[in-house]
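# A look at the structure
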There are 2 protein chains.
Amino acid sequence: MKRGRKPAIDAADITRAAIAVADAEGLAAVSMARVAQELGNATMALYRHVKSKDELLALMSDSAMEDPPDLPEGDWRERLRFWAKAVLAGIGRHPWFPQVPISPPVGPHSLAWFDKGLGALDGTPLEPDEKAGVVLTLMTYVHGEARSLTPGYEDGLAARFDFGLHLFLEGVAAHIGGRT
Amino acid sequence: MKRGRKPAIDAADITRAAIAVADAEGLAAVSMARVAQELGNATMALYRHVKSKDELLALMSDSAMEDPPDLPEGDWRERLRFWAKAVLAGIGRHPWFPQVPISPPVGPHSLAWFDKGLGALDGTPLEPDEKAGVVLTLMTYVHGEARSLTPGYEDGLAARFDFGLHLFLEGVAAHIGGRT
DNA sequence: CCCTTTATGCGTACCACATACGCAAAACTC
DNA sequence: GAGTTTTGCGTATGTGGTACGCATAAAGGG
């Protein structure tokens, strides 16, 4: 059996608690002390499980998005539109998400979303790297749009988003059309 | 004449100094003390000219982008591509730009860029709100892409950006085509 | 010229936070 | 139970934002 004192909490617990605080009071409210209090532990206890606050932010960032939903039946266009809206909705549940400083080493959740996006393009004549380009571009756009989700500034976001998405899908269609 | 002691510095000086620090050492290095030192003033002297650090960040954010360049001759496509690349290049000169927390009250510089973008669509049969949608969407995409400008992670950004831009312009073309 | 008025310069002080360090506490092995 | 190992966490340090209040300088009036 494993030696030593049993851990009372683990990194996942800490991440969960931090996300709860961020959801309820904003990213600025997430301090090591605040998260520890949420868990009924002392501040410094957290450092046994996460190396630094930056690491905690990276963990939060990856697990904020729950698992991507399955795509509906239909052509690539409907599927990709569904996917993009799911991304936006997922971020909408955690409005602090776009404010987390860039953490380039993406985690497993981000990859799962990316894969789902690729799946929307199954059956199209695009090359693999073109599919990746399409999905990355769209994801970038959606993330950018999500920055306007700050409470109080969502006016007209839905309409703008639909229009931008429409333009983008038209572009993909034209690109596919031009190569067959 | 105006009464009272003469101000040794003004908000513009502070903003300039803060941008210089951010350019040279990153946004994290921008502290009130650091900026004051840059100006040869005491920390608290800054507060006579900016209300808070958040206000300073907003000022930095607006004046980071210098004035937009004039667009070249050509069709809307070339002009919009030129504009998008200018936006990306402008941000590239201040890689901390996308990291500034959202400051919704946009400033005069942002508006100038937006106007230039609209100008790229002069002569197209788009309605005013469609033009605005096109420019906002593209700006959002470029800003999103610019988040990957963090030193060390620009690999393949140029190619990805060109591809995304290509898709988007195709989409605008299709949208215009579908309405004439 | 001195005195009052008015605006700026900035030292001091306080609070929130991240985190290094080291010892105390707990759980397992023999 | 003694030794070993791993976690819990109190203490302390450094950094950063900023409220407060007095010192300081500039201009106007007598």
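Here the focus is the protein's contact with DNA strand D. Taken together, 24 residues are adjacent to DNA strand D, and Gly4(A), Ala42(A), Met44(A), Met1(B) and Ser31(B) come closest. Residue composition of the surface near DNA strand D, by class: ten nonpolar, six polar and eight charged.

The environment of DNA strand C is formed by 24 residues, the closest being Ser31(A), Gly4(B), Ala8(B), Ala42(B) and Met44(B). Looking at the surface near DNA strand C residue by residue, the classes come out as ten nonpolar, six polar and eight charged.

Glancing now at the interface of chain A and chain B. Often the size quoted for an interface is simply the accessible area lost on bringing the parts together. Contacts between the two partners involve 27 residues from chain A, matched on the other side by 27 residues from chain B. For the side of chain A that touches chain B, the leading source of residues is helix H7 (residues 157-177) of chain A, giving eleven residues.

Moving on to the relation of the copies chain A and chain B. Superposition of chain A onto chain B requires a rotation of 180° combined with a translation of 0.0 Å along the rotation axis, giving an RMSD of 0.1 Å. Given the turn and translation reported, the copies of this chain are related as if by a two-fold rotation axis. The position closest to the rotation axis in chain A is occupied by the C-alpha of Gly171(A), lying 1.8 Å away. An overlap of 100% is found between the interface residues of chain A and their copies at the interface of chain B, pointing to a shared contact surface.

All names here are of chain B. With respect to the element layout, Asp 23 can be found in helix H1 (residues 11-25). The class of Asp 23 is partly exposed, set by 14 C-beta atoms lying within 10 Å. The spacing of Asp 23 and His 94 is 71 residues in sequence and 5.9 Å in space, taken between C-alpha atoms.

Another aspect to go through is H7(A). With 21 residues, H7(A) should cover 30 Å at 1.5 Å per step; its first-to-last C-alpha distance of 30 Å lies within 8% of that length. Within H7(A), burial applies to Phe161(A), Gly164(A), Leu165(A), Leu167(A), Phe168(A), Leu169(A), Glu170(A), Gly171(A) and Val172(A). In this structure, the buried residues of H7(A) make contact with helix H4 (76-92) and helix H6 (128-146) of chain A together with helix H6 (128-146) and helix H7 (157-177) of chain B.

Criteria and cut-off values
- Residues numbered from 1 in each chain as written.
- Chains lettered and ligands numbered in written order.
- Predicted model: local features only at pLDDT ≥ 70, side-chain atom pairs only at ≥ 80, totals over all residues.
- Near = placed C-beta within 6 Å.
- Nonpolar A, V, L, I, M, F, W, Y, C, P; charged D, E, K, R; others polar.
- Contact = placed C-beta atoms within 7 Å.
- Helix = DSSP H or I, 4+ residues; strand = E, 2+ residues; numbered from the N terminus.
- Least-squares fit on C-alpha atoms with pLDDT ≥ 70 in both.
- Buried ≥ 20, exposed ≤ 12 C-beta atoms within 10 Å, placed from the backbone.
- Expected span 1.5 Å × (residues − 1).

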